[in-house]
Amino acid sequence: MKQGLVLGIESSCDETAAALVDGERRIVAQRIASQDDAHRPYGGVVPEIAARAHSERIAPLVAAVLHDAGVTLAEVDAIAATAGPGLIGGVMVGLVTAKALAMASDKPLIAVNHLEGHALSPRLADAALQFPYLLLLVSGGHCQVLRVGGVGQYRRLATTIDDALGEAFDKTAKILGLGFPGGPAVERLAREGNPKAVPLPRPLLGSTEPHFSFAGLKSAVLRAKQAGTHTDADIAAAFQQAALDCVIDRTRRALAESGGLTALVVAGGVAANQTIRAGLEALAAEFGLPFVAPPLALCTDNAAMIAWAGQERLALGNFKPDPLDIAARPRWPLDPDAAPVRGAGVKA
Ligand code: KG4
Ligand code: ZN
């Protein structure tokens, strides 16, 4: 059945992605073109290179996804695209493509907040997941705890005052010469190391403030490497353990302050990390809550989560398409009422 199809487009960082998701949570087709090779020589995502790569890839990618699903644009019910936050050149490529497709096919445009895509992605994978849930959103650009009360109802309980968790993994990988992208490489190397072999700080552990901080941990990793007395595997393992301890401590604090939750949920690229998943699963059990983590492919940036956010918006009684002149936003907090915190925001 091909009813209720939403086309999703994602281009806010270094993945060009398109997907078709139907109203019954089926990912009918999806493609992701990674740009890792283009950015690897620079050890990080170069915005200008990313934007150019998106503009070359996006149209053929959308055509391929429609072809994979055996449908035409006329059979799609709505077109959803990431409109921010993210690297503005890339966001504009995806959003303008979606606008053009929406205009040409006379279908509604749905401008999706990338963070909302991550926040709702667990419900794409798990039909039983009900609101409200506590979401730990950990990616290359963000490290936040959100209370997800419903579609469009996001209350930010904590954020990072400096680096995002994925950024800390990426910087650790850079310090250890593990290349890009760093998270998976640090996780692999950490398996061979002893997490107790290198003493590293746990910033804000036990703080009465709700927020995260990873900059001091990153500097300590650099000093440990420069000292030359530890193996890279031990440094990677110690870093991962320190990061986990911080994440658990901060999330525990948020859980203790929140009532009436249905689940503890993790999303974003760092949710692919098995050690962090296992720690969060144990933490959820402490509070008698189910632990929900989307499959790995839905954790890192993808377009199925954007199409799904479009489905969730379409299903709202008061759905209104977004206007064709809606702007791409480099910064776009999910919770506009949250007090600004120094350093928190999109990837620098
Ligand atoms: O959500 P995502 O794909 O893109 C952003 O919106 O940022 O997250 C990418 C981030 C990167 O920092 C990457 O190093 C991290 O997620 N990451 C991991 C793992 N896989 C990806 N970090 C730790 N362990 C992993 N296995
Ligand atoms: Zn993301």
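Residues numbered from 1 in each chain as written. Chains lettered and ligands numbered in written order. Predicted model: local features only at pLDDT ≥ 70, side-chain atom pairs only at ≥ 80, totals over all residues. Heavy atoms only, no water.

Draft legend 1. Looking closely at the sheet that holds strand S5 (residues 109-113). In space, the 5 strands of this open sheet follow the order S3-S2-S1-S4-S5, with mixed pairing throughout. Looking at which strands have only one partner, the edges of the open sheet turn out to be strand S3 (27-34) and S5. Strand-to-strand twist across the sheet, computed as the mean angle between neighbouring axes with direction ignored, equals 20°. As judged from the 5 bridges shared by strand S1 (residues 6-10) and strand S2 (residues 15-21), these two strands associate in the antiparallel manner. (Pairing = 2+ DSSP bridges. Helix = DSSP H or I, 4+ residues; strand = E, 2+ residues; numbered from the N terminus. Axes fitted to C-alpha atoms, helices over the stretch in contact; angles between N-to-C directions.)

Draft legend 2. Just the coordination of the zinc ion (ligand 2), in detail. Around the zinc ion (ligand 2), the protein contributes the donor atoms His114 (NE2), His118 (NE2) and Asp301 (OD), at 2.0 to 2.2 Å from the metal centre. Bound by 4 donor atoms, the zinc ion (ligand 2) shows angles of 92 to 152° at the metal and therefore irregular coordination geometry. Sequence spacing among the residues donating to the zinc ion (ligand 2) works out to H-x3-H-x182-D. Pair noted here: His114 is in helix H4 (residues 114-125) and Asp301 is in the loop between helix H10 (296-299) and helix H11 (304-314), with a separation of 187 residues, a long-range link. The pair His114 / Asp301 is uniform in exposure class, with both members buried. (Donors = N, O, S within 2.8 Å, 3.2 Å for Na, K, Ca; no water. Tetrahedral: all angles 85-135°; square planar, octahedral: opposite > 155°, others 65-115°. Buried < 20%, exposed > 50% of the residue type's maximum accessible area, 1.4 Å probe, protein only.)

Draft legend 3. Spatial organisation of the sheet that holds strand S6 (residues 133-138). A sheet is described by the order of its strands in space; here 5 strands give the open sequence S8-S7-S6-S9-S10, paired in mixed fashion. This sheet does not close on itself; its edge strands, each paired only once, are strand S8 (153-158) and strand S10 (291-292). Across 2 bridges, strand S9 (residues 264-267) lies against S10 in parallel orientation. Its bridge partner lying in S10, Leu264 is registered against Phe291.

Draft legend 4. Layout of the layout of surface pockets. Here the second largest pocket is characterised by a volume of approximately 320 Å³. Lining of the second largest pocket is provided by 15 residues; of these, Glu116, Val151, Gly152, Arg313 and Leu316 occupy positions nearest its centre. Taken together, the residues of the lining of the second largest pocket break down into 9 nonpolar, 3 polar and 3 charged. (1 Å grid on protein atoms, 1.4 Å probe; cavity = no way out; pocket = protein on both sides within 12 Å on 5 of 7 lines; lining within 4 Å. Points joined across faces, edges and corners; volume = space filled by probe spheres on them. Nonpolar A, V, L, I, M, F, W, Y, C, P; charged D, E, K, R; others polar.)

Draft legend 5. A look at unusual backbone geometry. Across the junction of Gly84 and Pro85, the peptide omega takes the value -15°, indicating a cis bond. On the secondary structure map, Pro85 appears in the loop between strand S4 (78-84) and helix H3 (88-105). Here the phi dihedral of Leu204 falls at roughly 65°; this positive angle occurs in a residue that is not glycine. With respect to the helices and strands, Leu204 occurs in the loop between helix H6 (182-190) and helix H7 (215-227).

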